[in-house]
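Analysis of the macromolecular model
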Amino acid sequence: MHVIDGRETPSADGRSFEVRNPATGALVERVAEGGATEIARAVDAAQRAFDDGRWSRIAVRERYRVLNRLAQMLEDALPSLSLLESTCTGRPLREMRAQLSRLPEFYRYFAALARTAEDTITPFEGPYLSYVRRVPLGVIGQITPWNHPLLILTKKLAPALAAGNTVVVKPSEHTPLTTLQLAKMALEAGVPPGVFNVVTGFGGEAGRALASHPGLAKLDLTGGTETGRIVAQTAGANLVRVNCELGGKAPVIVLPDADLEKAAAGAIFAAFIATGQTCIAGARILVHESQAQDLIERMVARAVSLRLGDPLLAQTQLGPLISERQLQRTEEYVAIGKREGAEVQCGGRRATKGVLGKGFFYEPTVFADVRSSMRIAQDEIFGPVTCVLTYKDLDEAVRIANDIPFGLGASIWTSDAAKGMRLSERLNCGVVWINDHHRIDPSLPWGGTKDSGMGRECGIEGYREYTQTKSIVVNLEEPVDWYATTETLRLS
Ligand code: NAD
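Bear in mind the structure is a predicted one, so any value in this text is a computation, not a measurement.

Remarks on the sheet that holds strand β16 (residues 385-391)
Ordered by their spatial adjacency, 7 strands build an open sheet running β14-β15-β16-β13-β12-β18-β19, and the pairing between neighbours is mixed. Strands at the two margins of the open sheet, each flanked by one partner only, are β14 (343-346) and β19 (431-434). The average angle at which neighbouring strand axes cross in this sheet is 25 degrees, direction not considered. The pairing of strand β12 (residues 250-254) with strand β18 (residues 409-413) spans 3 bridges and is classified as parallel.

Pasting the structure below:
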């Protein structure tokens, strides 16, 4: 059931859809299928909650307390939430435990930012005191993907709530269950009814209804680039501000001075965590031509030893893809890569042995002899497929790294951090790791350039994007009677 105005609510027309486990195909739960009616109800509830100030105008210390309580409750619920997240995403339990263990600190971080935020006084000329306050925006629409359901929601929800906004979330149709649990937990923690609403359903209907609702103050989407284009146009037509965190295909640049064994481990981690279904998947491994063979051999040795299996088992390292559609897409891209002349070094087929046959499993795949212009090197495949490309010198490495429509993340592997820092300046993307990949923090601004999106999440900047300024000017002298004189008076 949806969570609207603090109550579990079925769809008006009683529709529902199935959530299935991608590792086994088993039904996990049926969930209410919402559309324009439920979105309208949820936005209404959020607007009422915003207008009456039950959250937006209470003392900041009260919001701080509630969000810290929520953080503690989340911490206590991590084992069960990780299990459910793993069951619905197919991501190994070990990954989900590691990822979800970071969630409480996001609520604590943004609550602390709100609690310690200071307004400013501007140097307004004349007998005036002018100060600038940061106030919440209003009702926020948030649309989230399935690959990191709670993490991505938290990156948006924690700052939105800390700043005093009210929210309507449309989670991915693949993974709505943990979002519903979080909404119920938030109510228990003391977030008032109507402040955090969830409508479950499909993108084309519930998502579209949310993106086109004129009552939103802001729409925040994480999803594919094509979804971003549609949603940004729809919301933009209503002059609703938009934040979009979209696709990516991160270069992993191995410099000639890097320790190749560590770089190979890093490249495999970058490429195959979440079965390659991340926006910052290391899908373009750039290596000096003289070291390519050596690096490929090391990567292949690691890729073939990854343990595919039941995501809930501790030894599993690679889970299934999220859906049959995603599995087919991966197969199609591998076929395209072969036609383009790239060479499969390992993998390149479905994994069907034993229990794997029940789920959407694909073997981790490394391509060599890849040119940057090939589609496998340009398009976001969103599966366990990575490409090794070679460069002759640093300038060519930079050219190849930037030769892609995306600009979200990149990593550089080197034994000389200063060299890595200099190189980072030349990469056109939002996040660069040196000798690491996939690392996040609530304090680290997150977002991309080019087709990877617009706006930033996290950090002080991400918090500010959930607020707007309000300027207040106080006249410290007698007000001027403008029409009582013919003198030329200054207007400031
Ligand atoms: P998706 O675009 O298919 O769906 C994302 C969300 O948008 C879902 O809730 C979906 O129901 C909704 N949606 C789909 N069509 C819509 C429409 N027309 N109007 C409104 N809502 C609509 O993406 P996905 O498969 O769930 O997630 C994978 C994508 O997300 C990848 O491209 C990945 O790179 C991207 N992603 C980006 C980041 C980032 O931080 N930049 C993080 C994670 C995932």
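Alright, that's what it looks like, and here's the rest.
With respect to a nonpolar patch on the surface
A contiguous nonpolar patch, built from I121, L129, V474 and L476 and spanning about 360 Å² of accessible area, is present on the exposed surface. In this structure, L476 sits in the segment after β22 (467-475).

Focus on the nonpolar core
Membership of the largest hydrophobic core comes to 62 residues, with the highest contact counts inside it found for Y107, L182 and F196. Among the elements that make up this core, the one with the highest residue count is helix α2 (residues 60-89) (11 residues). Those residues in contact with Y107, other than ones at most four positions away along the chain, are L67, L70, A71, L74, T154, L157, A158 and L182. Judged by nonpolar contacts, the second largest core, of 29 residues, contains C387, A401, I412 and L423.

Description of the packing of helix α4 (residues 103-116) against helix α5 (residues 149-162)
Following both chains from N to C, one finds α4 and α5 inclined at 20 degrees, their axes separated by 8 Å at the closest point. Judged by the angle between their axes, α4 and α5 are roughly parallel. For the pair α4 and α5, the sense of crossing is right-handed. Residue-level contacts link L103, F106, Y107, F110, A111 and A114 of α4 to L150, L151, T154, K155, L157, A158, P159 and A162 of α5. When its residues are assigned to classes, the contact of α4 with α5 shows 12 nonpolar, 1 polar and 1 charged.

Some details on the environment of I230
Inspection of the secondary structure puts I230 in helix α8 (residues 225-237). Accessibility expressed as a relative area gives 56% for I230, which makes it exposed. In the structure, I230 is positioned 210 residues away from I440 in sequence and 28 Å away in space, judged by C-alpha atoms.

A few points about the site of the ligand
Taken together, 28 residues lie around the ligand, and T144, K170, E173, T227 and E380 are the ones closest in. Contact distances for the ligand include 2.7 Å between an oxygen atom and a backbone N or O atom of T144. Within the contact set of the ligand, an oxygen atom lies 2.6 Å away from a side-chain nitrogen or oxygen of T227. Here the ligand, which alone exposes 850 Å², has 87% of that area covered by the protein. Of all elements in the fold, only α7 (203-211), β10 (218-222) and α8 reach the threshold of two or more residues within the shell around the ligand. Ranked by residues supplied to the shell around the ligand, first place goes to α7 with 3 residues. For the shell around the ligand, the residue count by class is 12 nonpolar, 11 polar and 5 charged.

Looking at the packing of aromatic side chains
According to the stated counting rule, one finds 5 aromatic pairs in the structure shown. Residues W146 and F382 carry aromatic rings whose centres are separated by 6.0 Å and whose planes lie at 85 degrees to one another, so their mutual orientation is edge-to-face. On the criterion of sequence distance, the pair formed by W146 in the loop between β7 (139-143) and α5 and F382 in the loop between α12 (375-378) and β16 is long-range, its members being 236 residues apart. F382 shares its class with W146; the two are buried. The side chain of K218 reaches across the aromatic face of Y466, ending 4.1 Å from its centre.

With respect to the sheet that holds strand β5 (residues 120-122)
An order of β5-β6-β22 is seen for the 3 strands of this open sheet, with the pairing classed as antiparallel. Across the chains shown, the open sheet's two edge strands, defined by having one partner strand only, are β5 and β22. Adjacent strand axes in the sheet meet at a mean angle of 30 degrees when their direction is disregarded. Relative to strand β6 (residues 128-136), β5 runs antiparallel, the two being bridged by 3 bridges. Within β6, the position partnered with T120 by the bridge is V132.

The rules behind the values
Residues numbered from 1 in each chain as written. Predicted model: local features only at pLDDT ≥ 70, side-chain atom pairs only at ≥ 80, totals over all residues. Heavy atoms only, no water. Pairing = 2+ DSSP bridges. Helix = DSSP H or I, 4+ residues; strand = E, 2+ residues; numbered from the N terminus. Axes fitted to C-alpha atoms, helices over the stretch in contact; angles between N-to-C directions. Patch = residues over 30% accessible without salt bridge, like charges linked within 9 Å, V, L, I, M, F, W, Y side chains within 5 Å. Areas by Shrake-Rupley, 256 points an atom, 1.4 Å probe, with all protein chains shown as cover. Salt bridge = Lys/Arg side-chain N within 4 Å of Asp/Glu carboxyl O. Core = buried A, V, L, I, M, F, W, Y, C linked by side-chain atoms within 4.5 Å. Buried < 20%, exposed > 50% of the residue type's maximum accessible area, 1.4 Å probe, protein only. Contact = heavy atoms within 4.5 Å. Parallel < 35°, antiparallel > 145°, perpendicular 65-115°, else oblique. Left-handed = near helix turned anticlockwise from the far one by under 90°. Nonpolar A, V, L, I, M, F, W, Y, C, P; charged D, E, K, R; others polar. Near = heavy atom within 4 Å. Polar contact = N/O pair within 3.5 Å; in protein donor to acceptor, adjacent residues only side chain to side chain. Phe/Tyr/Trp six-rings, centres within 6.5 Å; stacked < 30°, edge-to-face > 60°. Lys NZ or Arg CZ within 6 Å of the ring centre and 35° of its normal.

Keep in mind that these numbers describe shape and distance, not what the molecule does.
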